[in-house]
Amino acid sequence: MLPKINSLSTIATLHIGEIGYISEESLDFIPLKLLEMGCLPGAEIELIQIAPLKDPIYICVNGSHLAIRKETAAKIKILKSNS
Amino acid sequence: MSKNDIKVALIGNPNTGKTSLFNQLTGLNQKVGNYPGVTVDKKQGVSKLSATQNAIITDLPGTYSINPTSIDESIVLKTLLNKDISASPDVILVVADIENLKRNLLLFSQIKDLEIPTVLAINMVDQMTKKGITIDLSILKKELNTEVVLISARKNEGIQDVKEAIIRCHVAAKASPLCSIDSKIDADYFAKLKEITPNYSMYELWLMVTQNNFPDSISDKEKEKLLDFQRDFSKLKNYQHKETIYRYQEINKILKKTYLVDKNKATDLRSRLDKIFTHKIFGYAIFVFILLLIFQSIFDWASVPMDFIDATFADISGFAKKQLPAGVLSDLITEGIIPGIGGVIIFIPQIAILFMFIAILEETGYMSRVVFLMDRIMRRFGMNGKSVIPLISGTACAIPAIMATRTISSWKERLITILVTPFTTCSARLPIYAILIALIIPSKKVFGFLNLQGLVLLSLYALGFATAVLAAFILHKTLHINTKSFFVVEMPNYKLPSIKNVFFEVLEKTKSFVLEAGKIILALSIVLWFLASNGPSSFDKAEQNTIENVANQNLSVDELQQKIASAKLENSYIGILGKSIEPTIKPLGYDWKIGIALITSFAAREVFVGTLATIYSVEADDEDATTIKQKMASEINPDTGQKRFNFAVGMSLMVFYAFAMQCMATLAIVKRETKSWKWPLVQLFGMGLLAYISSLVTYQILS
């Protein structure tokens, strides 16, 4: 099934264990540092854990396990494989 | 260092075992220095590559890219752009972790484009079978066009291969870029950039433009041209993004041919441990439990060596007194220098134990989980999840703690962390708390099982942390510094700590304390000794007057000596100083004697106890706590006829020491780390004012 494009989906809207793909149009919104750590457009991204106070979040992208803040995550759009 | 030595720069992502490799290559042949003009420690070591060839290895701070986001990381770029013959590296050794090879190769590809001979060491290959990874080394070498070595630094495997590769690479001395970023992004743009100077590679010039980092060897004219390229900021940013994506595309192409992971073999130890350590209840409970365990161990384990150090220095001082001819120089040595050094050494056990725990927590990967758990809470107070590490370290000593803030990339968050760290209860406050608690708090049980004295000490720790957090909140609301707060933390794999790495880490942190704090405490001890052993004419007469005054009291020789010492101190410069500040501190419940101790404890807080011991004519080299305590307990306030150290005065003093910035060494470090006198002065007066007002209120309410 083709991924459903939902303009409201960002990394911040993922649920624990859910997988998304970073959208190409996000490129300019991804901080360089994150890009360098493997958070690239098109990459598969999995939400592993959310901190007890709902922020930061713990993701796995391109083999990198990273914790980022929600404000950053909310800027990066993703495509969810439809479920 | 000889001319023929190969200069090697060691670079790698954090958590790749870079430190392990450095320790294996250099062993105990390492020293920590400073980079000129910057405050970050420079770790260097000598490695014997072959019978005839040595290498000087510089361990650069761990970084994910040469585009820096923190002070630590900016060192890497600075070192690499430096073309000064004596400092620029001949060979760069890049360490990569086999499991995260893709991301590690990004840094490698950037380094390669600097056109400096490069060796790639792929670490942790002992994990390959377990993780289901296979790698084709010969193709990888050809594709990356560089020396590639497989190693396992912890198991000391492949180290010889690294050494040989460094020699081969140095001899061949050829270097070529890996990614031609120019043609893929904007050939004309980069051609114009390259035209500016032939002395640097295109990528080096590009880095100068994007990072605004110009080496001294760039002329003003060249710099001006480079600055022109900075004008179009959004283009710059866009090209940087494109560059990174292009690099990853190239890396993916190469890895497709050479690197294979069987995902079924991946273990889920990480996810199982993460579920526990980041759990909303267990996560915090485990963290609090670990903290309590650490504090408990510090108290239990450090007391024996501390008593030993205390006794040893008293013995050395006594021995020196007997051996040296009487005179000013011998007094300086036995009463100034030896106790001064002892005052530094005594803290080593507590500091070493605390840093051992912190090193273990970092080595295992647990510390990143704490940062993850605490970031949201700390952010409310203008700090960062990473601020937790300095705040915990501050319970040993604020000096290494403040240096640990360097990993925080947001300047505002880092500054606030630096400013509030001295509120946490450091080990120098303990002797003061210990003696005052023993004096004013009865040793009895509350609720049947809690020791009241212990409870008071615990509340003082809590007071320290609470004040730090509250001060941070106020600073957060009042400091208007516009820096972008950006936060990304890698959550590394869990691993067992390496004893060697923990040992070297503890050694380094302890050294930084001894050197930084030590020289200031020692210097101040000597100054204070001078002020206490000299004075105007009344000082010289003190001895004679005392002998006459007590002539018919039938005192023993010891008692007479004590009376004389006490009278001398009263008439010394420092005694005069103490009396002159008495009116200011009287509302706090203190007299001039306590005033002297307040002044002397500027060297380091614990000097307070030693000074009172001298003032209350306890023999200086017999710091038996019960005697000092008895003398303090029997001290009478002549105005009231009551005990001097009553409940109100004791509480007022403890509150004073909880808040006051009574530490010259910390002020010096804050000056160094913030590059300005403004912030240490803010701390000195802000904390001093808070201490004065709180003690005043405490005393006035309780008395």
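Residues numbered from 1 in each chain as written. Chains lettered and ligands numbered in written order. Predicted model: local features only at pLDDT ≥ 70, side-chain atom pairs only at ≥ 80, totals over all residues.

Quick word on the overall build of chain A
- In terms of helices and strands, chain A carries 2 helices and 5 strands.
- Scanning chain A from its N terminus toward the C terminus, one meets helices and strands in the order β-α-β-β-β-α-β.
- A separation threshold of at least 6 residues defines the contact pool for chain A, and within that pool the share at least 24 residues apart is 57%. (Helix = DSSP H or I, 4+ residues; strand = E, 2+ residues; numbered from the N terminus. Contact = placed C-beta atoms within 7 Å.)

Topic: the overall build of chain B
- When you go through chain B residue by residue, the secondary structure sums to 32 helices and 12 strands.
- Overall, the C-alpha framework of chain B stretches about 100 × 55 × 50 Å when taken along its three principal axes.
- Once local pairs closer than 6 in sequence are excluded, the contacts in chain B between residues at least 24 apart make up 73%.

Comments concerning the sheet that holds strand S1 (residues 19-22) of chain A
- Read from one edge to the other, the open sheet built from 6 strands follows the order S5(A)-S1(A)-S2(A)-S3(A)-S4(A)-S12(B), with strand pairing classed as antiparallel. The open sheet has two edge strands, strand S5 (78-80) of chain A together with strand S12 (488-490) of chain B, and neither has a second partner. Each neighbouring strand pair of the sheet contributes to a mean axis angle of 35 degrees, computed without reference to strand direction.
- Sheet topology places S1 of chain A next to S5 of chain A; 3 bridges connect them, and they run antiparallel. When the sheet's bridge partners are listed, Ile22 of chain A is paired in S5 of chain A with Ile78 of chain A.
- Across the sheet, helix H16 (residues 366-380) of chain B is in contact with strand S3 (57-61) and strand S4 (64-68) of chain A together with S12 of chain B; its angle to S12 of chain B comes to roughly 150 degrees. (Pairing = 2+ DSSP bridges. Axes fitted to C-alpha atoms, helices over the stretch in contact; angles between N-to-C directions.)

A few points about the interface of chain B and chain A
- Each partner contributes to the interface: chain B provides 28 residues, whereas chain A provides 27 residues.
- The residue inventory of the side of chain B that touches chain A, partitioned by class, reads 12 nonpolar, 9 polar and 7 charged.
- Summarising the sheet, S4 of chain A and S12 of chain B pair through 3 bridges and their orientation is antiparallel. Residue pairing in the sheet places Ala67 of chain A in a bridge with Val489 of chain B of S12 of chain B. (Nonpolar A, V, L, I, M, F, W, Y, C, P; charged D, E, K, R; others polar.)

Thoughts on helix H23 (residues 537-549) of chain B
- A rise of 1.5 Å per residue sets the reference length of H23 of chain B, with its 13 residues, at 18 Å; its end C-alpha atoms lie 18 Å apart and thus fit the reference within 8%.
- At Glu543 of chain B, H23 of chain B shows its strongest bend, of approximately 35 degrees. (Expected span 1.5 Å × (residues − 1). Bend = angle between axes of the 7 residues up to and from the residue.)

So, the domain arrangement of chain B
Residue and element names in this part refer to chain B.
- Per the domain assignment, the segments of chain B are domain 1 (6-264), domain 2 (282-478) and domain 3 (523-702).
- A C-alpha centroid distance of 38 Å is found between domain 1 and domain 2.
- In this complex, domain 1 contributes 5 residues to the contact, which on the side of domain 2 involves 4 residues.
- Considered class by class, the residues forming the side of domain 1 that touches domain 2 number 2 nonpolar, 2 polar and 1 charged. (Domains from an automatic or database assignment.)

What about the packing of helix H13 (residues 282-323) of chain B against helix H15 (residues 348-364) of chain B?
All names here are of chain B.
- Remark: H13 packs on H15, axes separated minimally by 8 Å, with the N-to-C direction vectors making an angle of 145 degrees. As H13 packs across H15, the resulting crossing turns out to be right-handed. Each of Ile294, Ser297, Ile298, Trp301, Ala302, Pro305 and Met306 in H13 lies in contact with H15, whose residues at this interface are Pro349, Gln350, Ile353, Leu354 and Phe357. (Left-handed = near helix turned anticlockwise from the far one by under 90°.)

Quick notes on the confidence of the model for chain A
- In this model, chain A carries a mean pLDDT of 86, and residues with pLDDT of at least 70 account for 87%.
- Averaged pLDDT values for the elements of chain A fall to 87 in S5 of chain A and rise to 94 in S3 of chain A. (pLDDT = per-residue confidence, 0-100.)

Considerations on the packing of helix H5 (residues 137-144) of chain B against helix H11 (residues 233-258) of chain B
Residues and elements named next belong to chain B.
- Orientation of H5 relative to H11, taken along the N-to-C sense of each, is 160 degrees, at an axis distance of 9 Å. Between H5 and H11, the angle is such that the two are roughly antiparallel. The hand of the H5/H11 crossing is right-handed. Contact residues: H5 offers Ile139, Leu140, Glu143 and Leu144, while H11 offers Ile254, Lys257 and Thr258.
- Counted by class, the contact of H5 with H11 contains 4 nonpolar, 1 polar and 2 charged residues. (Parallel < 35°, antiparallel > 145°, perpendicular 65-115°, else oblique.)

Looking at the pairing of strand S1 (residues 6-12) of chain B
Residues and elements named next belong to chain B.
- Here S1 lies mainly inside the structure; 6 of its 7 residues are buried.
- Relative to strand S4 (residues 54-59), S1 is paired through 5 bridges, and the arrangement is parallel. Its bridge partner being in S4, Leu10 is matched across the sheet by Asp59.
- Pairing analysis gives 5 bridges linking S1 to strand S5 (residues 91-97), with the strands arranged parallel. (Buried ≥ 20, exposed ≤ 12 C-beta atoms within 10 Å, placed from the backbone.)

Quick look at the environment of Leu528 of chain B
All names here are of chain B.
- Mapped onto the fold, Leu528 is located in helix H22 (residues 499-533).
- Look at Leu528 and you get buried, because 22 C-beta atoms sit within 10 Å.
- Put simply, Leu528 and Ile574 are 46 residues apart on the chain and 7.7 Å apart in space, counted from C-alpha to C-alpha.
- Leaving out residues up to four positions away in the same chain, Leu528 has contacts with Ile574, Thr600 and Ala603.

Here's the deal with unusual backbone geometry
- Residue Pro56 of chain A is reached from Asp55 of chain A by a cis peptide bond, and omega for that bond is -5 degrees.
- Despite not being glycine, Lys54 of chain A has its phi angle at roughly 75 degrees, a positive value.
- Considering the arrangement of structural elements, one finds Lys54 of chain A in the loop between strand S2 (44-50) and S3.
- In this model, Asn156 of chain B sits at a positive phi of 60 degrees, which is unusual for a non-glycine residue.
- Structurally, the position occupied by Asn156 of chain B is in the loop between strand S8 (147-150) and helix H6 (159-172).

Quick notes on the confidence of the model for chain B
Residues and elements named next belong to chain B.
- Considering every residue of chain B, the mean pLDDT works out to 86; 95% of them sit at 70 or more.
- Low pLDDT, under 50, characterises residues 618-626; the predicted model gives this stretch 17 contacts beyond four residues in sequence or across chains.
- Scored as a whole, the predicted complex attains pTM 0.84, and scored at its interfaces, ipTM 0.91.

Observations concerning the pairing of S2 of chain A
All names here are of chain A.
- As judged from the 3 bridges shared by S1 and S2, these two strands associate in the antiparallel manner. Residue pairing for S2: Gly20 is matched across the bridge by Ile45.
- Sheet analysis places S2 next to S3, joined by 5 bridges and oriented antiparallel. The partner of Glu46 across the bridge, within S3, is Cys60.

Points about the environment of Glu570 of chain B
All names here are of chain B.
- Inspection of the secondary structure puts Glu570 in helix H24 (residues 557-571).
- A count of 20 C-beta atoms within 10 Å places Glu570 in the buried class.
- Counting along the chain gives 480 residues from Glu570 to Asp90, while the straight-line C-alpha distance between them is 63 Å.

Notes on the environment of Gly17 of chain A
Residues and elements named next belong to chain A.
- Along the chain, the position of Gly17 falls in the segment before S1.
- Of the residues examined, Gly17 has 9 C-beta atoms within 10 Å and is grouped as exposed.
- Separated by 41 residues in the primary sequence, Gly17 and Tyr58 have C-alpha atoms spaced 11 Å apart.

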